[in-house]
Amino acid sequence: MPADPRPCPLCGSPPKGAAFPWASRYAGKDYRYYACSACATRYIDPVPDSAAMAQMYGSGEYHEEFYEGDGHAPYQQTASRLAAQLPAGAKVLDYGCGAGHLISALKAHGFDAEGAEFSAAAASNAAAKSGCRVHDLSADSWQAAGPWDAIHLGDVIEHLADPRETLEALLPLVRSGGMLSAEGPIEANASLVNGAILLFGHAKRALRRQAIGEFAPYHLLFTSAPAQRAFFRRLPGLSEVHWQVSENGWPYRGNGLARNVIALAAIAAAKLPGLALGNRFFVLLRKS
């Protein structure tokens with residue numbers, strides 16, 4: 001293990017050793033994953049620098065690949081969940097809004113919907129597609145557009161080097177009595193898909209002991225439902241309104257016959273009572 005890898009970004013505990021997906025070489029630099037000694041989180045060290053981040057999330061490299069053809073049903077569901085908790089016309093920010101699907105759904109529900117993205121190009125693209133105002137997070141003045149009645153982070157937590165720092169910076173931008181909501185993958189949670197990925201990963205490593213991957217390290221952490229929920233409960237000034245674990249079969253669903261069978265089985269298993277299986281979380285929190 002290289003000297004002094006950083007502590008777990010969710011609970012702050014030191015690592016206990018290497019963890020799946022172990023390592024990747026991207027843009028000429030090696031990144032390794034470690035297992036937290038206290039929770040189920042696996043996380044990257046070192047964190048990709050700004051140049052690597054710009055390359056990973058540049059035009060045509062991320063949103064266009066993973067989200068342009070994304071179905072809109074999950075965004076409608078999230079918008080409906082917020083509509084059940086917020087007054088009509090509430091001002092809502094989708095932090096890390098991607099291609100703008102959620103802010104389009106929020107707008108259709110009558111919200112004053114705004115987005116925020118991590119570069120001017122991504123913000124411009126989302127604004128053009130949604131017809132909503134989208135802030136460029138690389139600009140220093142975007143916070144002045146707040147406060148908001150609710151801030152949502154969809155598939156964002158796993159991309160953050162320091163999730164607690166980010167959320168503590170966002171909380172003052174939520175009005176008192178307002179909502180913070182988040183959703184995303186929990187790739188270390190009990191799930192047939194997660195289990196299959198881990199099993200095949202160990203098998204590949206056993207066959208090629210010193211192999212290093214060559215994938216873009218988009219996800220800086222892989223965590224479980226209990227670890228993710230505990231993280232939110234440690235944030236000050238918030239009370240949990242709703243917590244849910246679900247399964248969507250990603251990335252196996254629709255990706256070949258064998259993988260699709262595993263994905264569909266995982267979706268069915270996650271619906272069984274008492275098992276708490278799933279590869280995604282949704283949380284809704286109210287600010288005091």
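Below is a summary of the structure that appears in this document.

The rules we used
Residues numbered from 1 in each chain as written. Predicted model: local features only at pLDDT ≥ 70, side-chain atom pairs only at ≥ 80, totals over all residues. Heavy atoms only, no water. Pairing = 2+ DSSP bridges. Helix = DSSP H or I, 4+ residues; strand = E, 2+ residues; numbered from the N terminus. Contact = heavy atoms within 4.5 Å. Polar contact = N/O pair within 3.5 Å; in protein donor to acceptor, adjacent residues only side chain to side chain. Phe/Tyr/Trp six-rings, centres within 6.5 Å; stacked < 30°, edge-to-face > 60°. Buried < 20%, exposed > 50% of the residue type's maximum accessible area, 1.4 Å probe, protein only. Lys NZ or Arg CZ within 6 Å of the ring centre and 35° of its normal. Right-handed = clockwise from strand over helix to strand, strands pointing away. Salt bridge = Lys/Arg side-chain N within 4 Å of Asp/Glu carboxyl O.

What follows deals with the sheet that holds strand β2 (residues 29-36). Across a sheet, strands are paired by hydrogen bonds formed along the backbone, either parallel or antiparallel in direction. Strand order across the open sheet formed by four strands is β1-β2-β3-β9, with antiparallel pairing between neighbours. Strand pairing shows two members of the sheet lacking a second neighbour, β1 (15-26) and β9 (221-222), which therefore form its edges. In this structure, β2 lies alongside strand β3 (residues 42-45), joined through four bridges in antiparallel fashion. Bridging across to β3, arginine 32 finds its partner in aspartate 45.

Take arginine 234: it is sitting in the loop between α8 (225-233) and β10 (238-246). For the pair arginine 234 and alanine 265, spaced 31 residues apart in sequence, the C-alpha to C-alpha distance is 34 Å. With residues near it in sequence (within four places) discarded, arginine 234 still touches Leu10, Cys11 and Arg164. Of the polar contacts made by the side chain of arginine 234, one reaches the backbone oxygen of leucine 10; its length is 2.8 Å.

A few words now on the packing of aromatic side chains. Throughout the structure, instances matching the rule amount to eight aromatic pairs. With a centroid separation of 5.5 Å and an interplanar angle of 70 degrees, the aromatic rings of tyrosine 33 and phenylalanine 222 are classed as edge-to-face. Placement of the pair is tyrosine 33 in strand β2 and phenylalanine 222 in strand β9, with a sequence separation of 189 residues. Each of the two residues, tyrosine 33 as well as phenylalanine 222, counts as buried. Here a set of aromatic residues connected by ring pairs shows up, and it is made of Tyr95, Phe118, Trp142 and Trp148. Above the ring of phenylalanine 282, the side-chain terminus of arginine 81 is found at 4.2 Å from the ring centroid.

Take the pairing of strand β5 (residues 112-117) next. The buried fraction of β5 is high, at five of six residues. With respect to chirality, the unit in which strand β4 (residues 91-95) leads through helix α4 (residues 101-108) into the neighbouring parallel β5 is right-handed. After leaving β5, the chain enters helix α5 (residues 120-130) and then returns to the sheet as strand β6 (residues 133-136), a path that is right-handed.

Counted by the stated rule, this structure contains eight salt bridges. A salt bridge links aspartate 30 to arginine 25; its shortest N-O distance comes to 2.8 Å. Using a relative accessible area of 38% as the deciding quantity, one classes arginine 25 as partly exposed. In this structure, the salt-bridge partner of glutamate 240 is arginine 229, at a minimum N-O distance of 2.5 Å. Pair noted here: glutamate 240 is in strand β10 and arginine 229 is in helix α8, with a separation of 11 residues, a long-range link. On the basis of relative accessibility, which here comes to 26%, the residue arginine 229 falls in the partly exposed class. Sharing partners across several salt bridges, the network here consists of Arg229, Arg233 and Glu240.

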